[in-house]
Each structure stands twice: as structure tokens, then as C-alpha cells.
Amino acid sequence: DLGRTYVIVAYHQSMGDIAIIYKTKMQFMWVAKESLFAVPFIGWSLSLAKHIRLERGDFSSIKKVYREAAGWLRQGMPVLFFPEGTRSETGEMGEFQNGAFKLAIKEGVPVLPLAVKGTAEAIPKGSWLFTTKVRGSVTVLPAIETKGYAPADFERLRDDARASIARSLA
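Residues numbered from 1 in each chain as written. Predicted model: local features only at pLDDT ≥ 70, side-chain atom pairs only at ≥ 80, totals over all residues. Heavy atoms only, no water.

Comments concerning the packing of aromatic side chains
Working step 1: Considering all chains together, one arrives at two aromatic pairs under this definition.
Working step 2: Ring geometry for Tyr66 against Phe81: centres 6.0 Å apart, planes inclined by 20°, an arrangement best described as stacked. In this pair, Tyr66 sits in helix H3 (residues 59–74) while Phe81 sits in strand E4 (residues 79–81), placing the two residues 15 residues apart along the sequence.
Working step 3: By relative accessible area, Tyr66 is classed as partly exposed at 27%. (Phe/Tyr/Trp six-rings, centres within 6.5 Å; stacked < 30°, edge-to-face > 60°. Helix = DSSP H or I, 4+ residues; strand = E, 2+ residues; numbered from the N terminus. Buried < 20%, exposed > 50% of the residue type's maximum accessible area, 1.4 Å probe, protein only.)

Observations regarding the nonpolar core
Working step 1: Within the largest apolar cluster, 31 residues are counted, with the highest numbers of intra-cluster contacts made by Val7, Phe81 and Phe101.
Working step 2: Listed by contribution, the elements that provide at least two residues to this core are strand E1 (7–10), strand E2 (29–33), H3, E4, helix H4 (99–107), strand E5 (111–117) and helix H5 (154–169).
Working step 3: The contact partners of Phe101, leaving out residues within four places of it in the chain, are Val9, Pro83, Phe96, Val111, Phe154, Leu157, Arg158 and Ala161.
Working step 4: The next biggest cluster of nonpolar side chains, apart from the first, holds 17 residues, and it includes Tyr6, Ile18, Ile21 and Leu114. (Core = buried A, V, L, I, M, F, W, Y, C linked by side-chain atoms within 4.5 Å. Contact = heavy atoms within 4.5 Å.)

Focus on the packing of H4 against H5
Working step 1: Running from N to C, H4 and H5 point in directions that differ by 115°, and their axes come no closer than 9 Å. With respect to their mutual orientation, H4 and H5 come out roughly perpendicular. As for the relative orientation of H4 and H5, their crossing is right-handed in sense. Residues Phe101, Lys102, Ala104 and Ile105 of H4 lie in contact with H5, whose contacting residues are Phe154, Leu157, Arg158 and Ala161. (Axes fitted to C-alpha atoms, helices over the stretch in contact; angles between N-to-C directions. Parallel < 35°, antiparallel > 145°, perpendicular 65-115°, else oblique. Left-handed = near helix turned anticlockwise from the far one by under 90°.)

Observations regarding the sheet that holds E4
Working step 1: Pairing is mixed across the open sheet formed by six strands, whose spatial order is E3-E2-E4-E1-E5-E6. Of all strands in the sheet, those bounded by a partner on one side alone are strand E3 (52–54) and strand E6 (137–140). Strand-to-strand twist across the sheet, computed as the mean angle between neighbouring axes with direction ignored, equals 25°.
Working step 2: Sheet topology places E2 next to E4; two bridges connect them, and they run parallel. Among the inter-strand pairings, Trp30 is bridged to a residue of E4, identified as Leu80.
Working step 3: Contacts between H4 and the sheet are confined to E1, E4 and E5, with E1 contributing the most and set at about 160° to the helix.
Working step 4: H5 rests against E1, E5 and E6 of the sheet, and its axis sits at about 30° to E5. (Pairing = 2+ DSSP bridges.)

Digging into a nonpolar patch on the surface
Working step 1: A contiguous nonpolar surface patch, about 450 Å² in accessible area, is contributed by Phe41, Trp44 and Leu48.
Working step 2: Position of Leu48 among the secondary structure elements: in helix H2 (residues 42–48). (Patch = residues over 30% accessible without salt bridge, like charges linked within 9 Å, V, L, I, M, F, W, Y side chains within 5 Å. Areas by Shrake-Rupley, 256 points an atom, 1.4 Å probe, with all protein chains shown as cover. Salt bridge = Lys/Arg side-chain N within 4 Å of Asp/Glu carboxyl O.)

All we've got here are geometric facts, nothing functional implied.
See below:
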């Protein structure tokens, strides 16, 4: 049910991920690194739409992100995280960070894993140039309900979501 409130998590390959994730027709807020808000047009759009700004490495910014994300979730708005924290340079999925999963358990909302394929070539890391004729896809995987997870079980939830995405990408 794509109309539910979720913490959405997706494997992050390129800036093209966001475009392809919107093909799901889900409405969501996403957590974006601070530097994107300074990019003409993209940054203005992010600010106007009230997406969530993250300053990497700043603990107070991270706390602010979770307060903002929790506020959106409480209003029924899904929030998208790229739990690796950065785009993959190797094409391999990195380890997931814990925050999105702690938040999902705390707010009692399911995690919705997304498997994004083929976007790494669309906009290579370190570039703003779109490559033409790239086939990308997004697979919406089964939601993981958080009801069975205690607050201390965030690592199990994180690993379950990562495994679900990895199986789909294999």
C-alpha cells in the first residue's frame, strides 16, 4: 500500500535515483545533503518543497534531521533516507547507518525498502552530467512492519532491510 506512511530506504547510486523513485508516484520528503541546497534550481526546489537538509558530520544537524523527519511522519508524510549516507563509488552496496531504522521503530511506522538499479551510469559520482540512454528501475519491496521490533532491535531491522534490497539486486 503506497499510500501508507513509511520510512523509505533505498540503495543510493546516483542523483538519478530520486528521479526514478518518483516513478513510484509516492509522495515523500527526502533527506538531502546540505550542499545540494546550494545548487541552482535543485537547491531552490528542495527548499521550496521543504525537504530535509542534512549537514554531514554535524551531530546537531543529525538530531535536527530526525526531529524534522519525525514531524513529517506524524503528519502522515513518508520520509526517504539513503541509509548508506553517500553514493557508492564501487557499485557495491555499503553498510547501512542506523538512524532511519531507529526512527522507524520509535515512530512505529514500517520500513519500505526500494531496490534501485541502473542509475549509477546516469549521473556518475562527482559529475552533474546526465548520461543518455540508461535503463534504470526501482522495485518496491515488501514493507517491514516495526511492531515486532523493540527499540534496541534497530540493527536487526537495518540488516533485514539491507538483506531485502540485496536479494532484489542479486
